[in-house]
Protein chains: 2
Amino acid sequence: MHFLKELILILIFTTMCGQICTRLNLPAVIGQLLSGIILGPAILGLVHPSNTITLFSEIGVTLLMFLAGLESDLDLLKKHFKLSFAVAGIGVILPVTFIGLACLAFKMKFLEALFIGIVFAATSVSISVMVLKEADKLNSQAGMAILGAAVVDDILAVITLSLFTSFSHEGGQSGLTNNLGLNFLIQIVYFVAIWLVFRYVAPILIKFAKKIEIDYAVVICSLILAFSLAWAAEIVGLSEVVGAFFGGLAIRQTDQFEEVHSSVSIIGYTFFIPVFLANIGLVMTFSSFFKDLSFIIILSILAFFSKFWAGKYTSKFFGFDNLEASMVGAGMVSRGEVALIVAQIGIGYHLFPKDIYSSLILIIIITTVISPFVLNYFIKKAN
Amino acid sequence: MHFLKELILILIFTTMCGQICTRLNLPAVIGQLLSGIILGPAILGLVHPSNTITLFSEIGVTLLMFLAGLESDLDLLKKHFKLSFAVAGIGVILPVTFIGLACLAFKMKFLEALFIGIVFAATSVSISVMVLKEADKLNSQAGMAILGAAVVDDILAVITLSLFTSFSHEGGQSGLTNNLGLNFLIQIVYFVAIWLVFRYVAPILIKFAKKIEIDYAVVICSLILAFSLAWAAEIVGLSEVVGAFFGGLAIRQTDQFEEVHSSVSIIGYTFFIPVFLANIGLVMTFSSFFKDLSFIIILSILAFFSKFWAGKYTSKFFGFDNLEASMVGAGMVSRGEVALIVAQIGIGYHLFPKDIYSSLILIIIITTVISPFVLNYFIKKAN
């Protein structure tokens, strides 16, 4: 098993780098992210991206968002729903505008510039979730605003991508069809199904699972539910993590959620989540670094501030104080695996010049690695 | 993620079939084994063997044997060492003789007949371990004899395979070289290393892990140790599960073994072990069933009794009573993934006629599925 060697290396490096960051009073997740860059082709070249690592990484982020759902206060989420909606909406408009204009200034074609804007429109909330969990802040006002905004953001990202692909006639790759109205309808059906899961399926499933005499039956049934919702989300064009998040929220309404939470934490944190974090850095190379230096620096700055300002000023408008608003802003900056996937779609469909692909990856990773530093800074300041 | 759908199906079917068997007063593992046959090409055709499922399955059996190590009483293992050695030795000689002669009677060439004998020489103890664990009998006299014999059996299997391949000039596929003496030397080095791990590495590692502030650091470090020993075992030509078993025995000597045991149980039983059990049945087809009916029936009977008698009468010779001796015999019958791997090696190297491959697989699966029934029968009778 070649994978065993890579798994051993990933577990050693994420643990060590995480521990070093903890000692430096930084979130462990930063070290775990950096360990991928160290292990990968960028520095040591000991572990290379592969389908197996990607699969483990996908399961990792699915479990992570399932856990986030299990820890989230539904009432608090509902309370901040309008804010979340506004943060997500403005958080899509600003990056598309800023990054798109910058790309035009770098002499790209209009559609290319627009698509690169869309790459940076979607937030990956998973890294922020880890920072918030480590600091015990997931169920704060800011935490719920970030999580809610991430869910809306994902829906907006799908709509934006469908709009773009139906407009540019490049064929749909997310969702079932290219028809925007139909896509929207399918997603409404999905959310009705989610409501049914909350109301009926999850409680009945857990009641049933408690009667099964197989070890850990409740945990297994919860995983079946989470994976099924993740899988269904992917079918309707949403991302798997949103489905898993809803699964977590649904299980939280049952009386077994503590057992599920502690068990899934063990499965996730000992096995799959380290692979997920390392995998983000694995795709990075420095090959384009000096060639496209100005492009990388300018886009990184714009990618950062477009999301940060969108989160911060929208939250302030909704009455958050300065620090809380900055936490929301910082929590939305990370692009993580979501942007990496959109960039991959783009390269597959020739939606932007091939030679800037590695620069784009680098910018995505820069925003992903910077985000926990900044979020951590505001959390520490708030305490 | 196509794999997500398959994982969901495997979790649903193993849980349901396991529960049905529990209700019928049978070990759950039987249902979980059968669920693979039901899901696979043999019946429903919903899940097909794949590299990903094989990988999950390998991790599953590695975790299972790590758990067996964590639960094993080292003193009891040592006490029954001579018996284990004898059971394993005779348990290699009888199947090779019986099956080999039968194959000659079926008009195969000498080397082909010998190789098919070797396919059935190796025991897979993992299924028996699950039955013993379910019945809380792992740390019984019979349980320790079975586990000890399985370790020796694995070493003998490697030696037999190396002997065969150096004799038949077909090139070595297990171990580093074709040189029997060198292979033996390398394995001695491995066992010296294992001794060092027991004596120094494991205690220091756990002491060190307790100081790490990352969540579940002790569990992660134990997994690193287990995977490293499994990986090293594969390098020296032993099977991974033996390495993982030694890892479990080593961690058991430390004061954190209970935390490690409960965490690894959750990881294994909710995720990887169900895939391992289902995977055994996934490779089965009935295509050759009626064509080679007499071959399949005769070899299944010989495969069963050669191991059963070897275990039973050797144990009786060492003073076990009739029921305990029968438990040892039944515990050694299962061929599981080990024989499947040897058969795969054989087909790769053209060591037997290609058209009997699917019959061989069927015989292996028959012995694997029968074994927990028989073992369970003797355990129930002994209570």
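As shown above, the structure is provided for reference.
In this report, the structure presented in the accompanying data block is examined. (Residues numbered from 1 in each chain as written. Chains lettered and ligands numbered in written order. Predicted model: local features only at pLDDT ≥ 70, side-chain atom pairs only at ≥ 80, totals over all residues. Heavy atoms only, no water.)

Moving on, we come to the overall build of chain A. Helices and strands together make up the secondary structure of chain A, namely 16 helices and zero strands. Scaling as 2.2 N^0.38, a compact globule of 383 residues should have a C-alpha radius of gyration of about 21 Å, and chain A matches this with 20 Å. Across its three principal directions, the C-alpha atoms of chain A cover 65 × 45 × 45 Å. With 383 residues in all, chain A has 61% of them scored as buried. Once local pairs closer than 6 in sequence are excluded, the contacts in chain A between residues at least 24 apart make up 79%. As displayed, chain A has an accessible area near 14500 Å², and 67% of this comes from carbon and sulfur atoms. Between the averaged position of the 22 positive side-chain charges in chain A and that of its 23 negative side-chain charges there is a distance of 7 Å. (Helix = DSSP H or I, 4+ residues; strand = E, 2+ residues; numbered from the N terminus. Rg over C-alpha atoms; globule rule 2.2 N^0.38 Å. Buried < 20%, exposed > 50% of the residue type's maximum accessible area, 1.4 Å probe, protein only. Contact = heavy atoms within 4.5 Å. Areas by Shrake-Rupley, 256 points an atom, 1.4 Å probe, with all protein chains shown as cover. Lys, Arg positive; Asp, Glu negative; His and termini not counted. Charge placed at Lys NZ, Arg CZ, Asp CG, Glu CD.)

Now for the relation of the copies chain B and chain A. In this arrangement, two copies of a chain are superimposed by a rotation about an axis accompanied by a shift along the axis. For the match of chain B to chain A, the screw axis carries a shift of 0.0 Å, the RMSD comes to 0.0 Å, and the turn is 180°. These values place the two chain copies in the arrangement generated by a two-fold rotation axis. Identified as the residue of chain B closest to the rotation axis by C-alpha distance is Ile267 of chain B, at 2.6 Å. Mapped onto chain A, 100% of the interface residues of chain B again fall at the interface, so both copies present the same surface. (Least-squares fit on C-alpha atoms with pLDDT ≥ 70 in both.)

Residue and element names in this part refer to chain A. The interhelical angle for the contact between helix α1 (residues 2-23) and helix α12 (residues 257-282), taken along N-to-C directions, is 80°, at an axis separation of 9 Å. What the angle tells us is that α1 and α12 run roughly perpendicular. Residues Leu7, Ile10, Leu11 and Thr14 of α1 pack against Thr270, Phe271, Pro274, Val275 and Ala278 of α12. Of the residues in the contact of α1 with α12, the class split is seven nonpolar, two polar and no charged. (Axes fitted to C-alpha atoms, helices over the stretch in contact; angles between N-to-C directions. Parallel < 35°, antiparallel > 145°, perpendicular 65-115°, else oblique. Nonpolar A, V, L, I, M, F, W, Y, C, P; charged D, E, K, R; others polar.)

Let us now look at the nonpolar core. The tendency in soluble globular proteins is for nonpolar side chains to be buried as a group. Residues Phe271 of chain A together with Phe271 of chain B are the most contacted members of the largest nonpolar core, which totals 290 residues. When residues no more than four places from it in sequence are discounted, the contact partners of Phe271 of chain B are Ile59, Leu63, Leu223, Phe227, Ile267 and Phe272 of chain A together with Leu7 and Phe56 of chain B. (Core = buried A, V, L, I, M, F, W, Y, C linked by side-chain atoms within 4.5 Å.)

To continue, consider the environment of Leu351 of chain A. Residue and element names in this part refer to chain A. Take Leu351: it is sitting in the loop between α15 (336-348) and α16 (357-382). According to the relative accessible area criterion, Leu351 is buried, its value standing at 7%. Separated by 236 residues in the primary sequence, Leu351 and Phe115 have C-alpha atoms spaced 6.9 Å apart.

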